[in-house]
Amino acid sequence: MAAETFAALAERILQEPPRLGPVRLIAVDGPSGAGKSWFAARLAKAADIPVVHTDDLLDGWEDQFSFWARLEEQVLDPLRHGRPAAYRRYLWHRRAFGGNPVTVEPAEAVLLEGVTAARRVIRPELSFSVFVTAPADLRWRRALARDGADDVAFRAYLERWRVNEDRHFAADATAAHVDLLVDGAAEGFDDRYERLWPAPPD
């Protein structure tokens, strides 16, 4: 493993060519509880770019993979054509989309964070992709702590979600096609992350 700074990674990414029209689309993928949001927030801050969270576009638990058409229509296609993207977040406590619209300008780069963000269909248009991983038991504890629920129904939803995402990652071979594999179990750094792959240059 090697610790690297988010500032250095941001500089590298912004030198990559745009592939989603005029936009450099950066994907941060990985299983639930791996540390994607933590990583994405720090990278976005270092690069000064907006973040789109796929969880905001899911129509509930059953929309784990099928949300992509909504993402394409409301976010990716407008950005691809140099237009602002606009969408309403899914309000999980209300089980409906609502609140003020979120607008994302076709910036120099836009970060897409969430499970399946680096899926096969979008790979040709990604300027850079990251997969964040962590041990299954740690991911489970984080998910329970993050969502503030530990009842039977929530555990059933979460377990089904994890089984489905494991199947997806195996079939999609996501981790084998990203530019960077990150250790999401590493803690204590605000300006650095632990790289698992590729190996540091000699």
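Quick note: structure is the one above.
Because the structure is a prediction, the values reported are computed rather than measured. (Residues numbered from 1 in each chain as written. Predicted model: local features only at pLDDT ≥ 70, side-chain atom pairs only at ≥ 80, totals over all residues. Heavy atoms only, no water.)

Draft legend 1. Expanded view of the overall build of the chain. Across its full length, the chain holds six helices and nine strands. Here the chain has a C-alpha radius of gyration of 16 Å; the compact-globule value for 202 residues is 17 Å, and the two agree. A principal-axis box enclosing the C-alpha atoms of the chain has dimensions of 50 × 40 × 30 Å. Relative to its 202 residues, the chain shows a buried fraction of 47%. A total accessible area of about 10,100 Å² is found for the chain, and carbon and sulfur atoms account for 51% of it. For the chain, the distance from the average position of its 26 positive side-chain charges to the average position of its 32 negative side-chain charges is 3 Å. (Helix = DSSP H or I, 4+ residues; strand = E, 2+ residues; numbered from the N terminus. Rg over C-alpha atoms; globule rule 2.2 N^0.38 Å. Buried < 20%, exposed > 50% of the residue type's maximum accessible area, 1.4 Å probe, protein only. Areas by Shrake-Rupley, 256 points an atom, 1.4 Å probe, with all protein chains shown as cover. Lys, Arg positive; Asp, Glu negative; His and termini not counted. Charge placed at Lys NZ, Arg CZ, Asp CG, Glu CD.)

Draft legend 2. Seen up close, helix α5 (residues 152–172). Taking 1.5 Å as the rise per residue, α5 with 21 residues should run 30 Å; its terminal C-alpha atoms sit 30 Å apart, in good agreement. Listed in full, the buried residues belonging to α5 are F154, L158, W161, R162, E165, H168, F169 and D172. One side of α5 carries all its buried residues, which in axial view fall inside an arc of 130°. Away from its buried face by more than 90 degrees, α5 exposes V152, R167, A170 and A171. Just beyond α5, the residue with positive phi is A173, at close to 55°. (Expected span 1.5 Å × (residues − 1). Arc of directions from axis to C-beta.)

Draft legend 3. Representation of the packing of aromatic side chains. Scanning the model with the defined rule gives twelve aromatic pairs in all. With centroids separated by 5.3 Å and ring planes inclined at 75°, the aromatic side chains of F39 and Y193 adopt a geometry described as edge-to-face. With F39 in helix α2 (residues 36–47) and Y193 in strand β9 (residues 192–197), this pair connects stretches of sequence that are 154 residues apart. Judged by relative accessible area, F39 falls into the buried class, the value being 1%. (Phe/Tyr/Trp six-rings, centres within 6.5 Å; stacked < 30°, edge-to-face > 60°.)

Draft legend 4. Quick peek at the environment of A171. One can find A171 in helix α5. Residue classification places A171 among the exposed positions, given a relative accessible area of 58%. Taking the C-alpha atoms as reference points, A171 and R120, 51 residues apart in sequence, are found 9.9 Å from one another.

Draft legend 5. Region of interest: the nonpolar core. By size, the foremost hydrophobic cluster in this structure holds 29 residues, and its most contacted members are V52, L71, V75 and L76. Of all the elements in the fold, those that place two or more residues in this core are β2 (24–29), α3 (68–80), β4 (85–91), β5 (96–104), β6 (109–113), β7 (126–133) and α5. At five residues, the largest contribution of residues to this core is made by α3. Once residues lying within four places of it in the same chain are set aside, the contact partners of V75 are V52, L57, R70, A85 and Y87. (Core = buried A, V, L, I, M, F, W, Y, C linked by side-chain atoms within 4.5 Å. Contact = heavy atoms within 4.5 Å.)

Draft legend 6. Representation of the pairing of β6 within the structure. Along β6, five of the five residues are buried, which leaves the element largely enclosed by surrounding structure. Neither face of β6 is open: one carries A109, L111 and E113, the other V110 and L112, and all of them are buried. In terms of strand pairing, β2 meets β6 through five bridges, oriented parallel. Across the sheet, R24 pairs through a bridge with A109, a residue of β6. Bridge count for strand β3 (residues 51–53) against β6 is three bridges, and the pairing is parallel. Across the sheet, the residue bridging to H53 is E113, located in β6. (Pairing = 2+ DSSP bridges.)

Draft legend 7. Representation of the side chain of S32 within the structure. Inspection of the secondary structure puts S32 in the loop between β2 and α2. Within polar-contact distance, the side chain of S32 engages the side chain of E165 at 3.1 Å. Aside from chain neighbours lying at most four places away, what touches S32 is V115, R139, L158, W161, R162 and E165. (Polar contact = N/O pair within 3.5 Å; in protein donor to acceptor, adjacent residues only side chain to side chain.)

Draft legend 8. The arrangement of the packing of helix α1 (residues 6–13) against α2 in detail. Interhelical geometry of α1 versus α2 gives an angle of 65° and a closest axis separation of 8 Å. Relative to α2, the element α1 lies roughly perpendicular. Here α1 runs over α2; the crossing is right-handed. Contact residues: F6, A7, L9, A10 and I13 in α1; W38, F39, R42, L43, A46 and A47 in α2. Among the residues forming the contact of α1 with α2, the class breakdown is ten nonpolar, no polar and one charged. (Axes fitted to C-alpha atoms, helices over the stretch in contact; angles between N-to-C directions. Parallel < 35°, antiparallel > 145°, perpendicular 65-115°, else oblique. Left-handed = near helix turned anticlockwise from the far one by under 90°. Nonpolar A, V, L, I, M, F, W, Y, C, P; charged D, E, K, R; others polar.)

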